[in-house]
Amino acid sequence: MKKTPLTLVLAGILGLSCMAAEKITTFEFAADPGLKTVKEPYPGQKTTWLKTFLPIPATNGNSFVMEFDLNIKTFNHYGTLMLGLDNGKTQCFDFVFNKDDSRINRCHLRAQVVKGLAAKIKPFENIKPGKMRAAIDYNASERTVVFSLSDPAGKELFSSGKIKVAGKVDLNRFVIGVTQNEDEVSEISYDPSAGAIFCRSYVGVEGEYPYAIEALVDNVAINTESAD
């Protein structure tokens, strides 16, 4: 059975108060989760989104920690990979990976509670392909969120520090999104050989160089605190 680090390492972090209860939701992908994908417009772009969603208990304004394993296999220009939490409306906490003409592998961070009031966060730069652990840590009493990426041994590679967010956060689903062009060969699907979710953002090709990002996602865990 695959280990979910959040259930091992963070046991007790969200339960410091004796008045608090926790709800831990995990997705380990030992079997096909039966993903369904939807297409959504990408405002201002020729590409469109292909997305899938996994439901979680609503955070309902409470503190939570969300983590997942990410293995970026290909990190080429112009593709976009998004992973995080949202509520299907305006609220979202997302990691967004892409590379533009600057040739810098970036991870943009989105924290939006109210439309038009997204927090300004400096992106992580020079992301190396390979295995990493991503985390989003929201503190309800401070109304702050921390985004971080760590290596497989747990060493922190990048951290946003505490980011102030404007309002109560109520998120209810884990989202994976990839961009695609008219060829529609981008993909979000279950990979049985890896026991993980395979993601490909493909927006074209030049010669033998695909404009693409490919990655595997596994061991998703959300630990939400609630008062009893």
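Residues numbered from 1 in each chain as written. Predicted model: local features only at pLDDT ≥ 70, side-chain atom pairs only at ≥ 80, totals over all residues. Heavy atoms only, no water.

Chemist: Go over the overall build of the chain, please, and point to the residues and values.
Modeler: In terms of regular secondary structure, the chain is built from one helix and 16 strands. Compactness check: the chain gives a C-alpha radius of gyration of 17 Å against a globular reference of 17 Å for 228 residues, within 12% of the reference. In terms of overall dimensions, the chain has a C-alpha envelope of 60 × 40 × 30 Å along the principal axes. Accessible surface computed for the chain: about 11500 Å², of which carbon and sulfur atoms make up 51%. Averaging the positions of the 26 positive and the 27 negative side-chain charges in the chain gives two centres separated by 4 Å. (Helix = DSSP H or I, 4+ residues; strand = E, 2+ residues; numbered from the N terminus. Rg over C-alpha atoms; globule rule 2.2 N^0.38 Å. Areas by Shrake-Rupley, 256 points an atom, 1.4 Å probe, with all protein chains shown as cover. Lys, Arg positive; Asp, Glu negative; His and termini not counted. Charge placed at Lys NZ, Arg CZ, Asp CG, Glu CD.)

Chemist: Describe the packing of aromatic side chains, naming the residues involved and giving the relevant values.
Modeler: Scanning all chains against the criterion turns up 12 aromatic pairs. With centroids separated by 5.9 Å and ring planes inclined at 85 degrees, the aromatic side chains of F68 and F95 adopt a geometry described as edge-to-face. A residue pair is termed long-range when its members are at least 10 positions apart, and F68 in strand β4 (residues 64-75) and F95 in strand β6 (residues 92-99) qualify at 27 residues. Comparing F68 with F95, the two get one shared label, buried. (Phe/Tyr/Trp six-rings, centres within 6.5 Å; stacked < 30°, edge-to-face > 60°. Buried < 20%, exposed > 50% of the residue type's maximum accessible area, 1.4 Å probe, protein only.)

Chemist: So, the side chain of T144: which residues are in play, and what are the values?
Modeler: Tracing the backbone shows T144 in strand β10 (residues 144-150). There is a polar contact of 3.1 Å between the side chain of T144 and the side chain of E142. Not counting chain neighbours up to four residues away, the residues in contact with T144 comprise D137, Y138, N139, K162, I163, K164 and V165. (Polar contact = N/O pair within 3.5 Å; in protein donor to acceptor, adjacent residues only side chain to side chain. Contact = heavy atoms within 4.5 Å.)

Chemist: I'd like a description of the confidence of the model for the chain, backed by residues and values.
Modeler: Of all residues in the chain, 90% attain a pLDDT of 70 or more, and the chain-wide mean is 90. Overall, residues 3-19 carries pLDDT values under 50, and its contacts beyond four positions in sequence, including any with other chains, amount to 38 contacts. (pLDDT = per-residue confidence, 0-100.)

Chemist: So what about unusual backbone geometry? Which residues, and what values?
Modeler: A positive phi angle, near 55 degrees, is found at F29, a position not held by glycine. Turning to its location among the elements, F29 is positioned in the loop between β1 (20-27) and β2 (37-41). Of note in this structure, R103 is not a glycine but carries a positive phi near 65 degrees. Within the secondary structure, R103 sits in the loop between β6 and β7 (105-112). Judged by relative accessible area, R103 falls into the exposed class, the value being 68%.

Chemist: Break down the pattern of salt bridges for me, citing the residues and quoting the values.
Modeler: Between side chains of opposite charge, a pair can form as their charged atoms come close. Summed over all chains, the structure comprises 11 salt bridges. For R173, the salt bridge goes to D86, with nearest N and O atoms at 2.5 Å. Of the two residues, R173 sits in strand β13 (residues 173-180) while D86 sits in strand β5 (residues 80-86), which places them 87 residues apart along the sequence. Three or more residues joined by partner-sharing salt bridges are found here, namely E67, D69 and R133. (Salt bridge = Lys/Arg side-chain N within 4 Å of Asp/Glu carboxyl O.)

Chemist: Before we move on, could you go through the environment of E22 and cite the residues and values that matter?
Modeler: Position of E22 among the secondary structure elements: in strand β1. The exposure class assigned to E22 is partly exposed, which follows from its relative accessible area of 33%. On a C-alpha basis, the gap between E22 and K39 in space is 34 Å, while along the polypeptide they are 17 residues apart. A polar contact of 3.3 Å, which involves the side chain of E22, links it to the side chain of N223.

Chemist: How would you explain the state of the cysteines if you had to name every residue and give the values?
Modeler: Across all of its chains, the model carries zero disulfides by this definition. Lacking any disulfide linkage, C92 is separated from the closest cysteine sulfur, that of C107, by 13 Å. What makes C107 buried here is its relative accessible area of 0%. (Disulfide = S-S within 2.5 Å.)

Chemist: Can you lay out the environment of K168 for me, pointing to particular residues and giving the numbers?
Modeler: Take K168: it is sitting in the loop between β12 (163-164) and β13. What makes K168 partly exposed here is its relative accessible area of 48%. Residues K168 and I213 lie 45 residues apart in sequence; the distance between their C-alpha atoms is 33 Å.

Chemist: Got a sec to walk through the pairing of β10? Specific residues and values, please.
Modeler: A large share of β10 lies buried, amounting to six of its seven residues. In this structure, strand β9 (residues 130-139) lies alongside β10, joined through seven bridges in antiparallel fashion. The residue bridging N139 from the neighbouring strand is T144, located in β10. Remark: four residues form the turn of the hairpin made by β9 and β10, two consecutive strands paired antiparallel; R143 in that turn has positive phi of roughly 55 degrees. (Pairing = 2+ DSSP bridges.)

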